[in-house]
Amino acid sequence: MPHTDAAPPHQPPLPPSPPVAPAQATLWFMLLALLSAFALSQAYRTVTAIMATGLQADFALSPASLGAFAGLFGLSFGVTQFFMGIGMDLYGLRRTVLSAFPLAIAGAALSAWAPGYGWLMWGQLLIGVGCAPAFLACTVFIARHFPASRFAFLSGVGMGVGGLGLLLTGTPLAWLVQRSGWRSGFMLLAVLSALAWLLIWRCVHEPALAGPAPARERWGTAVRRFGALFMLPHTLGILLLGMVGYASFLALRGLWIAPMLIDRYAFTLVESGNMAVAMSLVSLFSPAFFGRLDPGPARRRAWIANFSLLVAALYLGLGLVHHATLNLVLVMCIAVLSGYSVLQYSDVRSSYPPDLTGRALSVFTMAMFLGVGLVQWLTGWVADWAQGQGREPYSAVMATIATLLALGSVAFRWLPVSPLLQQAGGPGKESA
């Protein structure tokens with residue numbers, strides 16, 4: 001009898017095994033790699049305070065031109081947040097960061113070579129676009145791969161670690177610039193940025209998310225869904241305060257701290273750098289501290305509004321009081337309280353449904369850095385105007401920052417609140 005092979009019985013295909021969650025240590029290592037780009041972004045956005053005197057001497061810049069230079073980073077950074085957020089949704093964090101960050105390297109190299117103010121502005125534009133996904137990638141990574149209950153604390157830790165870039169643009173960069181000129185500072189940042197890009201390329205590989213993979217949207221659909229956020233009534237108050245909260249700290253730390261101390265009290269550049277380092281050291285820990293203190297949705301908005309008003313009062317005092325020691329004390333108080341801004345990220349996360357969280361964080365970050373650019377440009381214009389009137393420019397600058405913060409706080413307090421917060425027992429606009 002001829003031998004015949006029996007057909008194997010039909011077996012249904014096995015269901016795909018669920019993704020294995022990576023170890024916490026692996027997640028932390030990837031987050032730290034992403035934070036290296038954010039740290040460099042922090043350095044780029046605060047270099048003007050240390051390079052201001054050199055740039056003014058080489059290119060004969062007015063305060064308004066200096067403010068426009070500092071503000072261009074924030075404007076280009078903020079405008080491109082919209083596209084970076086869509087890119088992360090469509091192509092992932094890793095590919096978006098690796099594609100954009102080389103522009104920052106090119107911008108730093110162009111700035112180091114720049115023969116004139118126009119070339120310097122082109123370099124700043126490239127740096128802003130290249131750094132645009134840096135912090136957003138970190139917050140979205142935390143939101144996707146860490147427990148929601150730890151979001152405020154981990155975001156604070158991330159802001160603190162990223163603040164190491166602020167340390168670089170304090171005493172170390174002041175020492176280098178004082179000895180080798182401002183161009184050497186951009187050269188150093190270009191090299192460090194290239195190393196950060198290599199670290200992300202080597203170490204960051206996004207873990208698979210639990211559940212079915214979401215369908216990839218078209219660009220048009222993604223743009224419409226972003227636009228829908230602006231139609232929600234509670235978005236306006238969040239964005240108005242978001243535009244001035246972090247911008248106030250960056251205007252002081254990233255633009256005016258060194259010129260003010262040098263012009264008011266004859267500090268040297270290195271002494272001003274030491275003060276910038278002190279601010280930066282405090283800002284490393286204050287976001288995590290406020291993240292630990294997060295009172296939850298029911299009281300968080302009241303905290304945010306009240307801290308904004310308190311910081312506004314400190315800026316007003318900094319403008320009116322002309323005493324070196326008191327000014328330094330006020331600066332340090334501002335640095336301590338600056339960490340409350342991490343609560344705004346938690347408020348955004350609680351104010352939108354999960355499928356809009358990434359987009360909402362992107363829009364909020366866009367508003368923050370558009371605010372950075374606008375506030376730095378505006379304060380540069382105010383300083384120029386005050387000088388033209390024969391007045392002390394820094395008093396006018398600090399009063400302007402205080403006014404913007406107070407207006408942002410009032411808008412946040414009285415404009416509509418997310419229905420999600422009201423359902424969770426959060427405050428309405430009357431009790432915020």
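None of these values were measured; they are calculated from a predicted model. (Residues numbered from 1 in each chain as written. Predicted model: local features only at pLDDT ≥ 70, side-chain atom pairs only at ≥ 80, totals over all residues. Heavy atoms only, no water.)

> What should I look at first to understand the overall build of the protein chain in this one?
In terms of helices and strands, the protein chain carries 18 helices and zero strands. Long-range pairs, those at least 24 residues apart, make up 84% of the contacts in the protein chain between residues at least 6 apart in sequence. Counting only carbon and sulfur atoms, one obtains 69% of the accessible surface of the protein chain, whose full area is about 18,000 Å². (Helix = DSSP H or I, 4+ residues; strand = E, 2+ residues; numbered from the N terminus. Contact = heavy atoms within 4.5 Å. Areas by Shrake-Rupley, 256 points an atom, 1.4 Å probe, with all protein chains shown as cover.)

> Can you help me understand the confidence of the model for the protein chain in this one?
If pLDDT is low for a region, its predicted coordinates should not be looked at in detail. Averaged over every residue, the pLDDT of the protein chain is 85; residues scoring 70 or more account for 89%. Confidence drops under a pLDDT of 50 for residues 426–432, and excluding neighbours within four residues, the segment shows 18 contacts in the predicted structure. (pLDDT = per-residue confidence, 0-100.)

> How do you make sense of the packing of helix 15 (residues 341–351) against helix 16 (residues 357–388) when you look at a structure like this?
Pairs of packed helices are described in terms of their axes, by the angle between the two and the distance that separates them. Packing of helix 15 against helix 16 leaves a shortest axis separation of 9 Å and a crossing angle of 140 degrees. Crossing geometry of helix 15 relative to helix 16 is assigned as right-handed. For the pair helix 15 and helix 16, contact is made by Gln344, Tyr345, Val348 and Arg349 and by Thr357, Ala360, Leu361, Phe364, Thr365 and Met368, respectively. Residues of the contact of helix 15 with helix 16, tallied by class, amount to six nonpolar, three polar and one charged. (Axes fitted to C-alpha atoms, helices over the stretch in contact; angles between N-to-C directions. Left-handed = near helix turned anticlockwise from the far one by under 90°. Nonpolar A, V, L, I, M, F, W, Y, C, P; charged D, E, K, R; others polar.)

> Would you mind going over the packing of aromatic side chains with me for this structure?
The description of an aromatic ring pair rests on the distance of the ring centres and on the angle between the ring planes. Enumeration over the complete set of coordinates arrives at 17 aromatic pairs. Ring centres of Phe59 and Trp182 lie 5.7 Å apart, and the angle between their planes is 65 degrees; on these two criteria the pair is classed as edge-to-face. With a gap of 123 residues between them, Phe59 in helix 1 (residues 24–59) and Trp182 in helix 9 (residues 182–203) connect regions that are remote in the sequence. Trp182 shares its class with Phe59; the two are buried. An aromatic cluster of three or more residues is present, and its members are Phe289, Phe290, Trp303, Phe307 and Tyr340. If you follow Arg301 out to its NZ or CZ, it ends over the ring of Phe412, 3.9 Å from the centre. (Phe/Tyr/Trp six-rings, centres within 6.5 Å; stacked < 30°, edge-to-face > 60°. Buried < 20%, exposed > 50% of the residue type's maximum accessible area, 1.4 Å probe, protein only. Lys NZ or Arg CZ within 6 Å of the ring centre and 35° of its normal.)

> Sorry, what's going on with the environment of Arg391 here?
Tracing the sequence through the fold places Arg391 in the loop between helix 16 and helix 17 (393–414). Contact partners of Arg391, with chain neighbours within four places excluded, come to Trp385 and Ala386.

> Please explain the pattern of salt bridges as it appears in this structure.
When charged atoms on two side chains of opposite charge get close, those side chains can pair. Under the definition given, this model contains three salt bridges. A salt bridge links Arg300 to Asp294, with the nearest nitrogen and oxygen atoms 2.9 Å apart. With relative accessibility at 5%, the residue Arg300 sits in the buried group. With a closest N to O distance of 3.5 Å, Asp347 and Arg301 form a salt bridge. One end of the pair, Asp347, is in helix 15; the other, Arg301, is in helix 13 (residues 297–320), and 46 residues separate them in sequence. (Salt bridge = Lys/Arg side-chain N within 4 Å of Asp/Glu carboxyl O.)

> In this structure, what is going on with the packing of helix 1 against helix 8 (residues 171–180)? I would like to understand it.
Look at helix 1 against helix 8: their axes get within 10 Å of each other, and the N-to-C directions meet at 35 degrees. Taken as a pair, helix 1 and helix 8 cross one another with a handedness that is right-handed. Contacts from Val47, Ile50 and Met51 in helix 1 reach Leu173, Ala174 and Val177 in helix 8. Class assignment of the residues belonging to the contact of helix 1 with helix 8 gives a composition of six nonpolar, no polar and no charged.

> Sorry if this is basic, but what is going on with the side chain of Thr96 here?
You can see Thr96 is positioned in helix 3 (residues 93–113). Relative accessible area serves as the criterion here: at 8%, Thr96 is assigned to the buried category. Here the side chain of Thr96 touches Gly92 through a polar contact of 2.7 Å, landing on its backbone oxygen. Not counting the four nearest positions on each side in its chain, Thr96 is found in contact with Met84, Gly87, Met88 and Pro133. (Polar contact = N/O pair within 3.5 Å; in protein donor to acceptor, adjacent residues only side chain to side chain.)

> Just to check I follow, could you spell out a nonpolar patch on the surface for this structure?
A contiguous nonpolar surface patch, about 410 Å² in accessible area, is contributed by Val191, Leu195, Leu198 and Trp201. Mapping Trp201 onto the fold places it in helix 9. Its relative accessible area of 46% is what places Trp201 among the partly exposed residues. (Patch = residues over 30% accessible without salt bridge, like charges linked within 9 Å, V, L, I, M, F, W, Y side chains within 5 Å.)

> Whenever I open this one, helix 9 confuses me. Can you help?
Because each turn of an α-helix spans 3.6 residues, side chains separated by three or four positions end up pointing in the same direction. Spanning 22 residues, helix 9 covers 32 Å between terminal C-alpha atoms, matching the ideal 32 Å at 1.5 Å per step. Of the positions making up helix 9, those classed as buried are Trp182, Ser184, Gly185, Phe186, Leu189, Ala190, Ser193, Ala196, Ile200 and Cys203. Against the buried residues of helix 9 lie helix 1, helix 2 (63–91), helix 3, helix 4 (117–131), helix 7 (164–168) and helix 8. (Expected span 1.5 Å × (residues − 1).)

> What am I meant to see in unusual backbone geometry here?
Glycine aside, negative phi is the norm for most residues, and most peptide bonds take the trans geometry. Even without being glycine, Ala60 reaches a positive phi, approximately 55 degrees. With respect to the element layout, Ala60 can be found in the loop between helix 1 and helix 2. Phi is positive for Ala266, close to 60 degrees, though the residue is something other than glycine. Looking at the element boundaries, Ala266 is found in the loop between helix 11 (235–265) and helix 12 (269–293). For Ala266, a relative accessible area of 63% corresponds to the exposed category.

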